[in-house]
Structures are given as structure tokens and as C-alpha cells.
Amino acid sequence: MSVPLPTVVIGAGGHGKVILEVLLEAGIEVIAVVDSDTGRHGTTLLGVPVVGGDQELQRWRPQDILLANGIGSTGQRHRRHLFERMKAAQYRFATIIHPSAVIGREAMIAEGGQVMAGAVLQPGVLLGRNAIVNTGARIDHDCVIGDHCHVAPGAVLCGGVRVDLDAHVGAGAVIIQNMVIGEGALVAAGAVVVRPVSAGGRVVGVPAKEMGS
Ligand SMILES: CC(=O)SCCNC(=O)CCNC(=O)[C@H](O)C(C)(C)COP(=O)(O)OP(=O)(O)OC[C@H]1O[C@@H](n2cnc3c(N)ncnc32)[C@H](O)[C@@H]1OP(=O)(O)O
């Protein structure tokens, strides 16, 4: 993990809490949490103050802090929109890796990539900007995971899988080697993918089939 600056977490919900846990576990200085829910303002999250909404980020110049995206996703775009809005305002995002994660040689994690506790990225894996590899997910050699994708807890990607922009791989899903999961596609929790999934597709079951088919 390379987080040389004080960090502010955006989002005080479930994903924000897990991201904060990773940062604290890695010994990173987290100075504040912001959240649009006014009911959370003035509270704390794992001991860190929730200081207000996004507008509170104006307290810090973009060059003085890093952001951590605490918005989760299961196919919605809020998380991506937040990332793009803050990048347009010149902020930078921390790349976040839990100390228990295993990162193989020549694996690369782009800005804002998040790798949770117990996850494994084998050699040659590329993880895109603002993408999540969630708790205990296993990504085998040479997989390429696009920007803003979410590989949910416990999913298994065999070697050489490509997951395109904005796609979601559900909790506990298994994707066999060399499959392509198209842009914006959704693989349901527990699905076993043995055929490529087209862009925007939603597949479910064992073996995975298009929902409603
Ligand atoms: C830390 C975290 O929590 S990260 C979050 C990780 N979570 C995930 O990855 C969840 C991914 N989401 C899913 O798997 C969802 O169930 C979805 C997106 C596939 C479907 O959600 P919805 O569109 O709301 O569908 P809905 O719940 O109405 O179900 C529609 C039908 O599909 C079935 N179905 C839904 N999900 C699944 C699934 N994962 N496997 C098998 N069948 C399913 C339902 O039983 C239902 O069947 P029925 O019509 O015969 O009653």
C-alpha cells in the first residue's frame, strides 16, 4: 500500500467502514470521514469523526490529502461517479491493500484500487482504477479487471479472465479460465460462469445463464 498522505474516507456506510478498517490496520493516518447523510454528521466511524458532507473536503487542498472511496456497489454507478467527480476536482485516490492480502509479482493495482482482507491477486493480475477485490476473493494469474469493477467477497476468477469496465462479479461466483465478462455485466452471487458474458448481461446459476432465460 502506498498512502503517504493523510487520508479522508468518503462514505460512512458498510463499505466505508471496511475501507477505514483496512487503512487503520495498515497504520495509515485517517483524518476524517465525510458522508452525505446528515444523520451521520457529528458521529464517529471506528473512532474517526464524520465531519459532514462532501463539501467539507474544501478544508483540504487536493495536494495535501488522499481520498478513499467508501461507496460500495453492486452494479450501480454512484461509486464511479464519485471517483470521476473528485478526480475532476484534482483529488487523488489512495490505492488500498489490506496487510493480509497476497499480491503476486507483476500484479498491478491502479489508482483507487481496493484489495480487502484475505484476497489473493496472483502474478500478472491487472486491477483497474477504483476497482474492488473484496474480502477473500481469489484472482488467478493474468486476469485483467477493468476500471470501477467489483469482485465481491469470496469470488474466484481462474487464470486469464477479463472483466470489463463497470462489471460486477457477485459474492462466491466462480469464473472459469479465459472467460470475458463484458462491460457493465452482472454475475449473480454463486453463479458459475463457463461461457463468456456479453456487455450488459446479467447471468445467474450453475452453469450461469442469462436471467429470465
Ligand atoms: C461486502 C458486500 O456485501 S459486497 C455485496 C456482494 N453482493 C453480491 O454480489 C450480490 C449480487 N446480487 C445478486 O446475486 C442478486 O440476487 C441479483 C442482482 C442477481 C438479482 O437481484 P434482483 O434483480 O433484485 O432479483 P430478485 O432478487 O428479484 O430475484 C429474481 C429471481 O432470481 C433468483 N435469484 C436472485 N439471485 C440469485 C442468485 N444469486 N442465484 C440464483 N438465483 C437467484 C430469485 O430467487 C428470483 O427467482 P424467482 O423469480 O424464481 O423467485
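Residues numbered from 1 in each chain as written. Predicted model: local features only at pLDDT ≥ 70, side-chain atom pairs only at ≥ 80, totals over all residues. Heavy atoms only, no water.

Peer 1: Is there a simple way to explain the overall build of the protein chain in this structure?
Peer 2: Looking only at helices and strands, the protein chain features 2 helices and 24 strands. A compact globule built from 213 residues should have a C-alpha radius of gyration of about 17 Å, and the protein chain, at 17 Å, falls within 12% of that. When the backbone C-alpha atoms are referred to their principal axes, the protein chain occupies close to 50 × 40 × 30 Å. Counting every position in the protein chain, which comprises 213 residues, the buried fraction comes to 47%. Pairs at least 24 residues apart make up 28% of the contacts formed inside the protein chain by residues separated by at least 6 positions. Carbon and sulfur atoms provide 53% of the accessible area of the protein chain, an area that totals close to 9,300 Å². (Helix = DSSP H or I, 4+ residues; strand = E, 2+ residues; numbered from the N terminus. Rg over C-alpha atoms; globule rule 2.2 N^0.38 Å. Buried < 20%, exposed > 50% of the residue type's maximum accessible area, 1.4 Å probe, protein only. Contact = heavy atoms within 4.5 Å. Areas by Shrake-Rupley, 256 points an atom, 1.4 Å probe, with all protein chains shown as cover.)

Peer 1: Would you mind showing me how to read unusual backbone geometry here?
Peer 2: Both trends apply: most residues other than glycine have a negative phi, and most peptide bonds are in trans. That bond from Val-206 to Pro-207 is cis: its omega, -10 degrees, falls within 30 degrees of zero. When you line up the elements, Pro-207 lands in the loop between β23 (202-204) and β24 (209-210). At Asp-142, a position not held by glycine, the phi torsion is positive, near 65 degrees. With respect to the element layout, Asp-142 can be found in the loop between β13 (138-139) and β14 (144-145). Overall, the relative accessible area of 43% leaves Asp-142 in the partly exposed class. Residues other than glycine seldom take positive phi values, yet Asp-166 does so here, at roughly 70 degrees. Mapped onto the fold, Asp-166 is located in the loop between β17 (162-163) and β18 (168-169).

Peer 1: In this structure, what is going on with the UniProt feature "domain: PglD N-terminal" (unreviewed entry) in the protein chain? I would like to understand it.
Peer 2: UniProt's entry tags residues 8-79 with the feature "domain: PglD N-terminal" (unreviewed entry), counted in the numbering of this structure. Between the C-alpha atoms that bound residues 8-79 there is a distance of 15 Å. The span itself is 19% helix and 26% strand. (UniProt positions renumbered as here; feature names shortened; annotations may be inferred.)

Peer 1: Just checking my understanding: could you explain the site of the ligand for this structure?
Peer 2: The ligand sits among 14 residues. The nearest are His-168, Gly-170, Ala-171, Ala-189 and Arg-202. In the environment of the ligand, an oxygen atom lies 2.9 Å from a nitrogen or oxygen atom belonging to the side chain of His-168. A distance of 2.8 Å separates a nitrogen atom of the ligand from a polar atom in the backbone of Ala-189. Protein coverage of the free-state accessible area of the ligand, which is 980 Å², stands at 38%. (Near = heavy atom within 4 Å. Polar contact = N/O pair within 3.5 Å; in protein donor to acceptor, adjacent residues only side chain to side chain.)

Peer 1: Would you explain the side chain of His-148 in this entry?
Peer 2: By the secondary structure assignment, His-148 is in the loop between β14 and β15 (150-151). Among the polar contacts made by the side chain of His-148, one reaches the side chain of Asn-130 at a distance of 3.0 Å.

Peer 1: Which parts of the structure should I look at to understand the packing of aromatic side chains?
Peer 2: For any two aromatic rings, the description comes down to two numbers: the centre-to-centre distance and the angle of the planes. Within the structure shown, the criterion is met by 1 aromatic pair. Residues Phe-83 and Phe-93 carry aromatic rings whose centres are separated by 4.6 Å and whose planes lie at 40 degrees to one another, so their mutual orientation is tilted. Of this pair, Phe-83 sits in helix α2 (residues 78-88) while Phe-93 sits in the loop between α2 and β6 (96-97), and the two are 10 residues apart along the sequence. Across the pair, exposure class does not vary: Phe-83 and Phe-93 are buried alike. (Phe/Tyr/Trp six-rings, centres within 6.5 Å; stacked < 30°, edge-to-face > 60°.)

Peer 1: Before we go on, may I ask you to explain the domain arrangement of the protein chain in this structure?
Peer 2: Often, the extent of an interface is quoted as the loss of accessible area on bringing the components together. By domain assignment, the protein chain separates into domain 1 (7-88) and domain 2 (95-202). Here domain 1 and domain 2 have C-alpha centroids that lie 23 Å from each other. Residue-level contacts link 18 residues of domain 1 with 18 residues of domain 2. Taken together, domain 1 and domain 2 are joined by 3 salt bridges. As a salt-bridge pair, Asp-166 and Arg-77 come within 3.2 Å of each other at their nearest N and O atoms. The tally of links from domain 1 across to domain 2 stands at 9 residue pairs in polar contact (both at pLDDT 80 or more). For the side of domain 1 that touches domain 2, the secondary structure elements donating two or more residues are α1 (14-25), β5 (66-69) and α2. The biggest single contributor to the side of domain 1 that touches domain 2 is α1, with 6 residues. A per-class count over the side of domain 1 that touches domain 2 returns 7 nonpolar, 5 polar and 6 charged. (Domains from an automatic or database assignment. Salt bridge = Lys/Arg side-chain N within 4 Å of Asp/Glu carboxyl O. Nonpolar A, V, L, I, M, F, W, Y, C, P; charged D, E, K, R; others polar.)

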